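For reference, the chains in residue letters:
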Amino acid sequence: MGISLEQQDGEWYKSLPHSGGVYDLIYTAVSGTGQAERLRAVVALGKSGDPRAVRPLVDLLGETDSEIRLAATTALGNLKSGRPVDELIERLQDRNEQMVIREQAAVALTSIRSTGALRGLRKFALDENEDPVLRLYAGNLLKDISSL
């Protein structure tokens, strides 16, 4: 069974089933009605190892509920994909964000360990305009990596 001309250029993806498994978790995480069920879905997405979970989790970094943002940040670190590095660096640098979420963004970047993630974390740790405690925390995370 080949791909028809109409299904080329990404259109083939739309023809695939989008229900069950990871799609149910994505739907619940993004559109669920209760916070507890949404949090469970976000955690499950982080443990899924499924790359389809990355984009919805990145979208949840902008959620108004801080517990959902924290869970999404943690989940992205668990997935260890390099795709959300820029968004995690933004979370880390956001001075309006809760400190625990900024710290978790640093942990997630450490877990990802891509060149971009470590470069962003290193740049943050050296930025004298940032919170000194958070800079020290980021520096210690980098030291832990280099000692492995």
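Rules used throughout
- Residues numbered from 1 in each chain as written.
- Predicted model: local features only at pLDDT ≥ 70, side-chain atom pairs only at ≥ 80, totals over all residues.
- Heavy atoms only, no water.
- Helix = DSSP H or I, 4+ residues; strand = E, 2+ residues; numbered from the N terminus.
- Contact = heavy atoms within 4.5 Å.
- Areas by Shrake-Rupley, 256 points an atom, 1.4 Å probe, with all protein chains shown as cover.
- Salt bridge = Lys/Arg side-chain N within 4 Å of Asp/Glu carboxyl O.
- Axes fitted to C-alpha atoms, helices over the stretch in contact; angles between N-to-C directions.
- Parallel < 35°, antiparallel > 145°, perpendicular 65-115°, else oblique.
- Left-handed = near helix turned anticlockwise from the far one by under 90°.
- Nonpolar A, V, L, I, M, F, W, Y, C, P; charged D, E, K, R; others polar.
- Core = buried A, V, L, I, M, F, W, Y, C linked by side-chain atoms within 4.5 Å.
- Buried < 20%, exposed > 50% of the residue type's maximum accessible area, 1.4 Å probe, protein only.

Chemist: Just give me the short version of the overall build of the chain, but keep the residues and values in it.
Modeler: Assigned secondary structure in the chain consists of 9 helices and 0 strands. Long-range pairs, those at least 24 residues apart, make up 54% of the contacts in the chain with a sequence separation of at least 6. For the chain, the accessible area works out to roughly 8700 Å², and carbon and sulfur atoms hold 51% of it.

Chemist: Before we move on, can you summarise the pattern of salt bridges with the specific residues and values?
Modeler: Where charged atoms of side chains with opposite charge meet at close range, the side chains can pair. Tallied over the full model, the rule gives 9 salt bridges. Among the ionic pairs, Glu97 bridges to Arg69, the shortest N-O distance being 2.8 Å. Taken together, the positions of Glu97 in the loop between α6 (85–93) and α7 (99–112) and Arg69 in helix α5 (residues 66–79) put the pair 28 residues apart, joining distant regions of the chain. Arg102 is paired through a salt bridge with Glu130; the nearest N and O atoms lie 2.9 Å apart.

Chemist: Describe the packing of α6 against helix α8 (residues 115–126), naming the residues involved and giving the relevant values.
Modeler: Between α6 and α8, whose axes approach to 10 Å, the crossing angle comes to 15 degrees. By the criterion of interaxial angle, the relationship of α6 to α8 is roughly parallel. Handedness of the crossing formed by α6 with α8: right-handed. Note on element contacts: α8 touches α6 through Gly116, Ala117, Gly120, Leu121 and Phe124, opposite Val85, Ile89, Leu92 and Gln93. Looking at the contact of α6 with α8, its residues break down into 6 nonpolar, 3 polar and no charged.

Chemist: Let's hear about the environment of Val22: which residues, and what values?
Modeler: Inspection of the secondary structure puts Val22 in helix α2 (residues 21–31). Counting along the chain gives 29 residues from Val22 to Pro51, while the straight-line C-alpha distance between them is 9.8 Å. Among all residues touching Val22, those that are not within four sequence positions of it are Leu45, Asp50 and Arg52.

Chemist: Kindly report on the nonpolar core, identifying the contributing residues and their values.
Modeler: With 39 residues, the main nonpolar core has Val42, Leu57, Leu92 and Leu109 as its most contacted residues. Among the elements of the structure, α2, α3 (35–48), α4 (54–60), α5, α6, α7, α8 and α9 (132–146) are those that each provide at least two residues to this core. With 6 residues, α5 is the largest single contributor of residues to this core. Sequence-distant contacts of Leu92, that is, excluding residues within four places in its chain, are made with Arg102, Ala105, Ala106, Leu109, Leu121, Phe124 and Leu134.

Chemist: Describe the packing of α7 against α8, with residues and values.
Modeler: Direction vectors running N to C along α7 and α8 enclose 140 degrees, while the axes themselves pass 8 Å from each other. Taken as axis vectors, α7 and α8 run oblique relative to one another. For the element pair α7 and α8, the recorded crossing hand is left-handed. Packed against α7, whose contacting residues are Arg102, Ala106, Leu109, Thr110 and Ile112, the element α8 presents Ala117, Leu118, Leu121 and Phe124 at the interface.

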